[in-house]
Amino acid sequence: MSQKSNALLMVISAPSGGGKTTVCEKMLGANPNITRAITCTTRPARDGEQDGVDYYFLPAQDFLRRVQAGNFLEHATVYGNSYGTLKSEVLGKLRSGKDVLLTVDVQGAAAIRTQAESDPELERALVEVFLTPESLTVLEQRLRKRGKDAPDAIKRRLAVARQEIAQWKHFDYLLISTSIAEDFRRMQAIYLAEKIRQSRSLPPDI
């Protein structure tokens, strides 16, 4: 990747129910140059999932070996299964000129931020967006309306969300979620502005 490449690594975090999945699907659909990074996981493939398309499905021992070798930008274990984003996966796409979209939790974003501090290539590409409703009350309404969780589970999600939202100041952008259309419009504005940021632009020929 050249010194003035404008390829982006867009990292989007949000509390559960914050709307990040919908916004990311719309960004991928509207921008042919944006691709998602394929995540590694130790969980078994579900019906219809393909290795190298939906996930890279790795045995637990292989995943651990990659962790120890420092191959991951970020990784976490959720409900007994491990997930991680390979540095080579992200850099390979950036170097080919593709913009990469990653949805991770605030711990994952922090891990990527730390790696970018010592890697000029990642630092130049990284753009971090935190997406959240205006209050925990609105988030609770969304979770209840979604109808996927029992009341106790919603309480747990809200407790986690409170801690996650407190991390907003570490991100480049804070996007207060309102409607799907407005969230997408503002995410698209961030994307387009970052593509023409001075630090990523070639100088005019004068």
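The structure this text deals with has already been given above.
Chemist: Run through the sheet that holds strand 3 (residues 40–41), naming residues and quoting values.
Modeler: As a general point, the strands of a sheet are linked pairwise by backbone hydrogen bonds and lie either parallel or antiparallel. What the 4 strands build is an open sheet, ordered 4-3-6-5; its pairing is mixed. Here the strands that pair on one side only, and so sit at the sheet edges, are strand 4 (56–57) and strand 5 (72–78). With 2 bridges joining them, strand 3 and strand 4 adopt parallel strand pairing. Residue Thr 41 lies in a different strand from strand 4, and its bridge partner there is Phe 57. Each of strand 3, strand 5 and strand 6 (81–86) is contacted by helix 2 (residues 60–68), which is oriented at about 135° to strand 5, the strand it contacts most. In this fold helix 3 (residues 87–95) packs onto strand 4, strand 5 and strand 6, with an angle of close to 30° to the strand it touches most, strand 6.

Chemist: Describe the environment of Gln 61, with residues and values.
Modeler: Checked against the element boundaries, Gln 61 lands in helix 2. A C-alpha to C-alpha distance of 26 Å links Gln 61 and Val 106, two positions 45 residues apart in sequence.

Chemist: Could you give me a rundown of the pairing of strand 7 (residues 99–103), with the residues and numbers involved?
Modeler: Most of strand 7 is tucked away: 4 of the 5 residues are buried. In the sheet, strand 2 (residues 34–36) pairs with strand 7 via 3 bridges, with the strands oriented parallel. The partner of Arg 36 across the bridge, within strand 7, is Leu 101.

About the thresholds
- Sequence order as written defines the numbering, with residues in each chain counted from 1.
- A pLDDT threshold of at least 70 governs which residues receive local features in this predicted model, and a stricter bar of 80 or more applies before side-chain atom pairs are shown or counted, although totals over entire chains, interfaces and linings include all residues.
- Excluding hydrogens and water, the side-chain figures rest on all heavy atoms present in the structure.
- Here the rule is simple: two strands pair whenever DSSP picks up at least two bridges between them.
- Here a helix means four or more residues in a row that DSSP labels H or I, a strand means two or more in a row labelled E, and each is numbered from the N terminus.
- Residue contacts follow a heavy-atom distance rule, with two residues in contact if any of their heavy atoms lie within 4.5 Å.
- Angular values range over 0 to 180 degrees, each being the angle between N-to-C directions of two axes fitted as lines to C-alpha atoms, with helices fitted over their stretch in contact.
- Only protein chains enter the accessibility calculation, which uses a 1.4 Å probe. A residue is then buried if its area is under 20% of the maximum for its type, exposed if over 50%, and partly exposed in between.

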